[in-house]
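One-letter residues, chain by chain:
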Amino acid sequence: SQYQVGVMLFEGLGTEQNSKRGIELMMKLADTADPATKHLRPNAQFHVGKAFYEGYGVWPNSEKAAEYWELAAGGGNVEAMNMLGFFYTRPDSLDVKQAFHWHRLAARGGSAESLSVLGVFLAEGQGSSRNLGQAFRCLESAANQGSAYAKGQLVYAYYKSKFYRKTKETAAEMLRYCSTAEIC
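This text gives an overview of the structure that appears in the document. For clarity, every value in this text was computed on a predicted model and none was experimentally measured. (Residues numbered from 1 in each chain as written. Predicted model: local features only at pLDDT ≥ 70, side-chain atom pairs only at ≥ 80, totals over all residues. Heavy atoms only, no water.)

### Some remarks on unusual backbone geometry
No. 1: In this structure, K162 takes a positive phi of about 65° despite not being glycine.
No. 2: The topology assignment puts K162 in the loop between helix 9 (148-160) and helix 10 (164-181). (Helix = DSSP H or I, 4+ residues; strand = E, 2+ residues; numbered from the N terminus.)

### Focus: the layout of surface pockets
No. 1: Size it by volume and the largest pocket reaches roughly 150 Å³.
No. 2: As for the largest pocket, its lining consists of E140, A143, N144, K151, L154, Y158, K166, E169, T170, E173 and M174.
No. 3: Elements with a contribution of two residues or more to the lining of the largest pocket: helix 8 (132-144), helix 9 and helix 10.
No. 4: Examining the composition of the lining of the largest pocket, we find that five residues originate from one element, helix 10, more than from any other. (1 Å grid on protein atoms, 1.4 Å probe; cavity = no way out; pocket = protein on both sides within 12 Å on 5 of 7 lines; lining within 4 Å. Points joined across faces, edges and corners; volume = space filled by probe spheres on them.)

### Describing the pattern of salt bridges
When the charged atoms of two side chains with opposite charge come close together, those side chains can pair.
No. 1: Scanning the model with the defined rule gives five salt bridges in all.
No. 2: Residue E24 pairs with R21 through a salt bridge whose shortest N-O separation is 3.3 Å. With E24 and R21 both in helix 2 (residues 19-30), this residue pair falls three residues apart, about one helical turn.
No. 3: Using a relative accessible area of 36% as the deciding quantity, one classes E24 as partly exposed.
No. 4: Owing to a relative accessible area of 35%, R21 belongs among the partly exposed residues under this scheme.
No. 5: The partner of K160 in a salt bridge is E124, with the nearest N and O atoms 3.1 Å apart. Here E124 lies in helix 7 (residues 112-124) and K160 lies in helix 9, a separation of 36 residues in the sequence.
No. 6: Relative accessible area serves as the criterion here: at 44%, K160 is assigned to the partly exposed category. (Salt bridge = Lys/Arg side-chain N within 4 Å of Asp/Glu carboxyl O. Buried < 20%, exposed > 50% of the residue type's maximum accessible area, 1.4 Å probe, protein only.)

Dropping the structure here:
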């Protein structure tokens, strides 16, 4: 399919890398209304958005990236929802309510990364009213899914809330995790 060839060219998988041609093929798919390719369109839109954001095969354009990610998110692409959440936390596109909205949708779609950020937002009252109970639930759930970021934020949230025993236990658990996973 056009999408697979586009990905192969873009990534250089089994062929010489040609990001520009790969993006051209993915853009055709991303912009088509052909019902036969409806299931592939959100993935193509996500990748085209990422290309615009990072400037691979096209000139960097943050606004175009956000447009494609919104299309992909509308088609159920969780990665696009996650990227939109981060997009709206950047200084030049800052909109905390939008960031909260997109991270909440991505978290509901299974993104541990967005669930972690949602926990921080709820703990700090950013984009929503402050809710420590929900914040702890989000961070604990993301930490249980293996998010080192969530584990670190959970330690900080426990400490800030003066739950010192939980702080110590979670920090010790995080150190054990970091030493075995070699990520810290």
